[in-house]
Amino acid sequence: MKKSPIANLREGLDSGDLSSEYLALRSIEKIKRLDGRINAINAEMGEFALNAARLADRRLRSNVDGRLRLNGDRQPFLGIPVVVKDNMACKGQLFQNGSKITKGFISPFSATVVNRLLSAGAVPVARAAMDEFALGSSGEYHAFGPTRNPWDTSKVAGGSSSGSAAAVAAGYAPFALGSDTGGSVRLPGAFCGVSALRPTYGVLSRYGVTAMASSLDQVGPMAKHVEDIAMGFSVMAGVDPHDSTSVDLPGIQDLLPLIPKDLKNLKIGYFAGDSVKAIQPAVQSCVSKALETLEGGGAKIINIDLPCASYALETYCLLNTAEVSSNLSRFDGVRYGNRVSSSNLADMVAGSRNMHLGLEAKRRILLGTFCLSKGHYDAYYLKALKARNAIARSVMEIFNSIDFIVTPVSPITAFALGEKVADPLEMYMMDILTVLPALADIPALAVPAGLADGLPAGVQFIGPRLSDCDLLRLGYAFQQLTDHHLLENT
Ligand code: GLN
């Protein structure tokens, strides 16, 4: 079986054949060479990266009387380059959220997930492009230009973690951090042929991650191989005193070494819901093959229905815009954000927001403010909360009779740049299958499922609350039976 990229690097680092500094320089060089075309990166972290790499090298080896001695520090992430989405704080580094309003902002502290990766010896090399404040499905709402899909640069990379997915697909780093509110690691993962985990709500701390829709936001690890996701995940998971919504994940200490889930007698419910009408035939054929693979491994595939799921996208859009309108109010040019000058406070705030926020952010602020306003709150926001509960309950119930759910990640593959930006509803439709786990607070893992008309397609595995470790074992079992995650874009 082919070793995962991180396992390969690990071997080189542990044997002394590779140094972390060399790997960091290699990432930086690759970004310089390729990113003019892809635009997955909005800020390099040269010095920061090299310092972290040199620190990792000192942990790996010491110089004794002029001879190199390996120290035997074998942490899985020691010396490994990673890319971090631009909505996660790294102390002393640009922290721009893909937005002009925070352009030039330097973070005074690091997010917990970043700190945990750093303690494990990981080397953050660059800040990944993203849709502004993670609002989007294509990576085109990035204030510093759209990310292009490494498989075909006329296509989008998917959003909002467009840069994280494209960076892994283009080989800048074997691992990236994204964030997922309604699909933002899974959709770009699927579009770029990368695996991506949305953990159970609370399992990864959100301290230092810019809040978009707080009741839905999660950090999500991304890598081609599920094993590499598991490695990064195990380093970051767990309660954080800085994030009161964080929870401990039972069994996380036994996650590594990752063992494949035994597929025999596993009951997996297949669901495509309303996306069936929109599904691209070549995507369908990838999904069907994935189902056959699972069946071939001994799993039982059952078609399931989740009637509540028809309301998932509308429910998500209402809750999302409401929370976005409230969270983005802090970017007012006073506490955060670039300011336009005016002698009048109201004009200064309005002017700063008007000048520096992008179209999609403004759209959601207006929609969200409307549905939270007096006279509309009950009809929209409260109703959406009730719908969310009903959806979560119906999904929870289905797990009484099955072990996991499998769905396509998206009905289609990456679309052309510019194709959907003018039509927000078309853009929101991209999330039709990814919002469900987000609303139900449950984990979901997207894995590559092959090429559909030459572009990557993905399948999504969904498990009950806190089943993250098992979900990774399932994804690993799937990747042992397939080689989609090994495909390279040329
Ligand atoms: N595409 C979804 C949206 O625009 C999800 C975004 C995300 O998960 N950050 O809301």
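Here the structure is shown first, and the text comes after it.
Rules of the game
- Residues numbered from 1 in each chain as written.
- Predicted model: local features only at pLDDT ≥ 70, side-chain atom pairs only at ≥ 80, totals over all residues.
- Heavy atoms only, no water.
- Near = heavy atom within 4 Å.
- Polar contact = N/O pair within 3.5 Å; in protein donor to acceptor, adjacent residues only side chain to side chain.
- Areas by Shrake-Rupley, 256 points an atom, 1.4 Å probe, with all protein chains shown as cover.
- 1 Å grid on protein atoms, 1.4 Å probe; cavity = no way out; pocket = protein on both sides within 12 Å on 5 of 7 lines; lining within 4 Å.
- Sits in = over half its atoms within 2 Å of the grid points.
- Nonpolar A, V, L, I, M, F, W, Y, C, P; charged D, E, K, R; others polar.
- Buried < 20%, exposed > 50% of the residue type's maximum accessible area, 1.4 Å probe, protein only.
- Helix = DSSP H or I, 4+ residues; strand = E, 2+ residues; numbered from the N terminus.
- Pairing = 2+ DSSP bridges.
- Points joined across faces, edges and corners; volume = space filled by probe spheres on them.
- Expected span 1.5 Å × (residues − 1).
- Contact = heavy atoms within 4.5 Å.
- Right-handed = clockwise from strand over helix to strand, strands pointing away.
- Axes fitted to C-alpha atoms, helices over the stretch in contact; angles between N-to-C directions.

(A) Highlighting the site of the ligand. Taken together, the neighbourhood of the ligand is formed by 15 residues, with Thr181, Gly182, Ser184, Tyr316 and Arg364 sitting nearest. The separation between a nitrogen atom of the ligand and a polar side-chain atom of Ser160 is 3.4 Å. One of the side-chain nitrogen or oxygen atoms of Arg364 is found 2.6 Å away from an oxygen atom of the ligand. For the ligand, the protein covers 100% of the area, taking 290 Å² as the surface of the free molecule. Counting atoms within 2 Å of the grid points, the majority share of the ligand lands in the largest cavity. When the residues that make up the shell around the ligand are grouped by side-chain class, the tally is 4 nonpolar, 8 polar and 3 charged.

(B) Fine view of the pairing of strand E14 (residues 444–452). Summarising burial for E14: 8 of the 9 residues are buried, a large majority. Pairing between E14 and strand E15 (residues 455–462): 7 bridges, direction antiparallel. Residue pairing for E15: Ala452 is matched across the bridge by Leu455. A loop of 2 residues connects E14 with E15, the two strands running antiparallel in sequence, and Asp453 in this loop sits at a positive phi of about 50 degrees.

(C) Looking closely at empty space enclosed by the protein. Evaluated as defined, the whole model comprises 3 cavities of 30 Å³ or more. Approximately 70 Å³ is the volume found for the largest cavity. As for the largest cavity, its lining consists of Ala134, Gly136, Ser137, Gly182, Gly183, Ser184, Met212, Tyr316, Arg364 and Asp431. Of the residues contributing to the lining of the largest cavity, the split by class is 3 nonpolar, 5 polar and 2 charged.

(D) Main features of helix H3 (residues 46–60). Taking 1.5 Å of rise per residue, the 15 residues of H3 would be expected to cover 21 Å, and the 21 Å separating its terminal C-alpha atoms lies within 8% of that figure. Those residues of H3 not exposed but buried are Phe48, Ala49, Leu50, Ala52, Ala53, Ala56, Asp57 and Leu60. On the buried face of H3, the contacting elements are helix H1 (5–15), helix H2 (20–38), strand E2 (61–64), strand E3 (67–70), helix H4 (112–119) and strand E5 (123–128).

(E) Layout of the pairing of strand E4 (residues 81–85). Burial runs high along E4: 5 of the 5 residues are buried. Taking every second residue as pointing to the same face, both faces of E4 are buried, with Pro81, Val83 and Lys85 on one and Val82 and Val84 on the other. Examined bridge by bridge, E4 and E5 share 5 bridges and lie parallel to one another. Within E5, the residue paired with Pro81 across the bridge is Val123. In this region the chain leaves E4, passes through H4 and returns to the parallel neighbour E5; the handedness of that crossover is right-handed. With 3 bridges connecting them, E4 and strand E8 (residues 175–180) associate as parallel partners. Note that in E8 the partner of Val82 across the bridge is Phe175.

(F) Focus on the sheet that holds E8. Sheet architecture is open: 11 strands sit in the order E1-E5-E4-E8-E10-E9-E14-E15-E13-E11-E12, paired in mixed fashion. What marks the edges here is a single partner per strand, and that holds for strand E1 (41–44) and strand E12 (300–303). Each strand axis lies, on average, 30 degrees off the axis of its neighbour in the sheet, ignoring direction. Relative to E15, strand E13 (residues 404–408) is paired through 4 bridges, and the arrangement is antiparallel. Looking across to E15, one finds that Ile405 is bridged to Ile462. Running over the sheet, H3 touches E1 and E5 and is turned about 160 degrees from E5.

(G) Region of interest: unusual backbone geometry. Of note, the bond from Gly159 into Ser160 is cis; its omega dihedral lies within 30 degrees of zero at 10 degrees. Counting through the fold element by element, Ser160 comes out in the loop between strand E7 (152–156) and helix H5 (162–169). Cis geometry marks the peptide bond from Leu256 to Pro257; its omega dihedral reads -5 degrees. Position of Pro257 among the secondary structure elements: in the loop between helix H7 (226–236) and strand E11 (267–270). Even without glycine at this site, Asn97 takes up a positive phi of about 55 degrees. Mapped onto the secondary structure, Asn97 falls in the loop between E4 and H4. By relative accessible area, Asn97 is classed as buried at 2%. Phi is positive for Phe133, close to 50 degrees, though the residue is something other than glycine.

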